[in-house]
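Residue-level structural notes
Spelled out, the chains give:
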Amino acid sequence: MGTTKERAILFADLRGSTALYLKLGNTQAATVVTHSLAMLGQIIARSGGRVIKTLGDGLMAVFDDAERAVESAVSLHDSLERIAPVGEGMPVKAAAIKLKVAIAWGEMVEVDGDCFGDAVNVAARLLDLAGDNETLTTAQLLRELPTDQHERFRSIDKLHLRGRKEPVPVLRMDCRRFGDTMSTMIMDAAPSDMPDGVRLSWLGTERVFSPASMPLILGRSPQASFCVSDSRASRSHARIESHSGHFYLTDLSYNGTHVKFDHDDQVLTLRRGTCTLHGSGIISLGAPPTDPSSTQIHFEVLSFSDTLPQY
């Protein structure tokens, strides 16, 4: 048996490979995915980590140092611009790949080239909750970092992870240090590229919420920001918040929140978890959108030019 040690466990997963296979065909899509994973592995190795194994469209790695794991996650996200299919007559953005990352710090043991333990389990569960182009981590890892690194993390909440009795404090990482964020945003992103509001529609009710009016609560309570009348919905069922130019939906309920993005057949089920809202789709409270009697709130992330004043 191996020796138990405290380490940082990192999981990374490529998103969008299904669309790649449909768009490019099996051979070329498999080449893109294989090349992408190899590049992620090289980045991890340069950051001082070790890839333990690949997992379909993702991988698991271990780091002796928490700060190196965090910097590796930043580099992985930065590498997305270089992860694109290269082919004759094929536009670079023909099949964009997104990345989600999770990091946990804690006890693990390495046996026969594989890693087991609490940190591995927590990181794997966090990966399930991460949204596209997002890194989630734990307060335990934050305590292993220098204090000047703490400003790049924002607390989501204490979330119930599958297989654990007690909720785990979860944080979202900004890939840039906040001291550098303003100048970078001015140079790299036009204001029109930043989402400026969310439109919610249900039955005859339609409202537009700006970031300044967030966080907002969806639920059955008359005090909810967006109130619905459905016994399956909790009084405070879900929360939408704005951070760093993105909108995040978090489930707060007992029955779960379901999200279906337009042009995507997959239904994402949140149980005290969080996902990033983008484009448009359906937020279904307490029952999946396949249930025609469920409360289905249509959402649309708006650009600056589309946003209406909030009344």
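Remember, predicted model here, so these are calculated numbers, not experimental data.

**Topic: the environment of Leu-277**
Within the fold, Leu-277 resides in strand S17 (residues 274-277). Using a relative accessible area of 4% as the deciding quantity, one classes Leu-277 as buried. On a C-alpha basis, the gap between Leu-277 and Phe-299 in space is 8.7 Å, while along the polypeptide they are 22 residues apart. In this view, Leu-277 contacts Ile-240, Phe-247, Leu-249, Phe-261, Ile-283, Phe-299 and Val-301; residues no more than four positions away in its chain are not counted.

**Points about the nonpolar core**
Of all hydrophobic cores here, the largest spans 34 residues; its most connected members are Leu-10, Leu-59, Leu-76, Val-101, Ile-103 and Leu-141. Going through the elements one at a time, strand S1 (4-15), helix H2 (26-46), strand S3 (58-63), helix H3 (66-78), strand S4 (98-111), helix H5 (139-142) and strand S8 (168-173) are the ones with two or more residues in this core. With eight residues, H2 is the largest single contributor of residues to this core. Setting aside chain neighbours within four positions, we find Val-101 in contact with Leu-10, Phe-11, Ala-12, Ala-73, Leu-76, His-77, Leu-127, Ala-130, Glu-134, Thr-135 and Leu-136. Listed in part, the 24 residues of the second largest apolar core include Met-214, Leu-218, Ala-233 and Ile-297.

**Some points on the confidence of the model for the chain**
Confidence along the chain averages 81 in pLDDT terms, with 82% of residues attaining 70 or more. Low confidence marks residues 177-193, where pLDDT is under 50. Its contacts with residues over four positions away, or in another chain, come to 17 contacts. Segment residues 305-311 is flagged for pLDDT under 50; beyond a separation of four residues in sequence, or across chains, it makes 12 contacts in the model.

**A few points about the packing of aromatic side chains**
For the coordinates displayed, the defined rule picks out one aromatic pair. Seen from their ring centres, Phe-261 and Phe-299 are 5.9 Å apart, and the 90 degrees between their planes marks the pair as edge-to-face. One end of the pair, Phe-261, is in strand S15 (residues 257-261); the other, Phe-299, is in strand S19 (residues 295-303), and 38 residues separate them in sequence. A cation over a ring is seen here: Arg-172 above Tyr-248, with NZ or CZ 3.3 Å from the ring centre. The positively charged end of Arg-272 is found above the aromatic ring belonging to Tyr-254, 5.5 Å away from the centroid.

**Some points on helix H4 (residues 118-129)**
Over its 12 residues, H4 runs 17 Å from end to end, which matches the ideal 16 Å to within 8%, given 1.5 Å per residue. Within the span of H4, buried status applies to Ala-119, Val-120, Val-122, Ala-123, Leu-126, Leu-127 and Leu-129.

**With respect to the pattern of salt bridges**
Applying the stated criterion across every chain yields a total of 10 salt bridges. With its nearest N and O atoms 3.1 Å apart, the salt bridge here joins Lys-53 to Asp-114. Taken together, the positions of Lys-53 in strand S2 (residues 50-55) and Asp-114 in strand S5 (residues 114-116) put the pair 61 residues apart, joining distant regions of the chain. Residue Lys-53 is classed as partly exposed on the basis of its relative accessible area, which comes to 30%.

**Here's the deal with the sheet that holds S17**
The mixed open sheet is built from five strands, whose spatial order is S12-S11-S13-S14-S17. Two strands bound the open sheet, and with one partner strand each, they are strand S12 (226-227) and S17. Examined bridge by bridge, strand S13 (residues 238-243) and strand S14 (residues 246-251) share six bridges and lie antiparallel to one another. Residue pairing for S14: His-243 is matched across the bridge by His-246.

**With respect to the pairing of strand S6 (residues 134-138)**
Burial analysis of S6 places five of its five residues in the buried class, which makes it a mostly covered element. Side chains of S6 alternate between two faces, with Glu-134, Leu-136 and Thr-138 and Thr-135 and Thr-137 buried alike. Of the strand pairs in this sheet, S4 and S6 are connected by three bridges, and their pairing is parallel. When the sheet's bridge partners are listed, Val-101 is paired in S6 with Thr-135. Sheet topology note: the S6/S8 ladder contains four bridges and is antiparallel. Its bridge partner being in S8, Thr-138 is matched across the sheet by Val-170.

**Notes on the packing of H2 against H3**
Where H2 contacts H3, the two axes come as close as 9 Å, and the packing angle between them is 150 degrees. Between H2 and H3, the interaxial angle falls into the category roughly antiparallel. Classified by chirality, the crossing of H3 by H2 is right-handed. On the side of H2, the interface is formed by Leu-40, Ile-43 and Ile-44, while H3 contributes Ser-72, Ser-75 and Leu-76.

**So, H3**
Compared with an ideal rise of 1.5 Å per residue, which puts 13 residues at 18 Å, H3 spans 19 Å between its outermost C-alpha atoms and is within 8% of the ideal. Listing the buried residues of H3 in full gives Ala-66, Ala-69, Val-70, Ser-72, Ala-73, Val-74, Leu-76 and His-77. Of the residues flanking the start of H3, the one acting as N-cap is Asp-65, its side-chain oxygen 3.0 Å from the backbone nitrogen of Glu-67.

The rules behind these values
Residues numbered from 1 in each chain as written. Predicted model: local features only at pLDDT ≥ 70, side-chain atom pairs only at ≥ 80, totals over all residues. Heavy atoms only, no water. Helix = DSSP H or I, 4+ residues; strand = E, 2+ residues; numbered from the N terminus. Buried < 20%, exposed > 50% of the residue type's maximum accessible area, 1.4 Å probe, protein only. Contact = heavy atoms within 4.5 Å. Core = buried A, V, L, I, M, F, W, Y, C linked by side-chain atoms within 4.5 Å. pLDDT = per-residue confidence, 0-100. Phe/Tyr/Trp six-rings, centres within 6.5 Å; stacked < 30°, edge-to-face > 60°. Lys NZ or Arg CZ within 6 Å of the ring centre and 35° of its normal. Expected span 1.5 Å × (residues − 1). Salt bridge = Lys/Arg side-chain N within 4 Å of Asp/Glu carboxyl O. Pairing = 2+ DSSP bridges. Axes fitted to C-alpha atoms, helices over the stretch in contact; angles between N-to-C directions. Parallel < 35°, antiparallel > 145°, perpendicular 65-115°, else oblique. Left-handed = near helix turned anticlockwise from the far one by under 90°. Polar contact = N/O pair within 3.5 Å; in protein donor to acceptor, adjacent residues only side chain to side chain.

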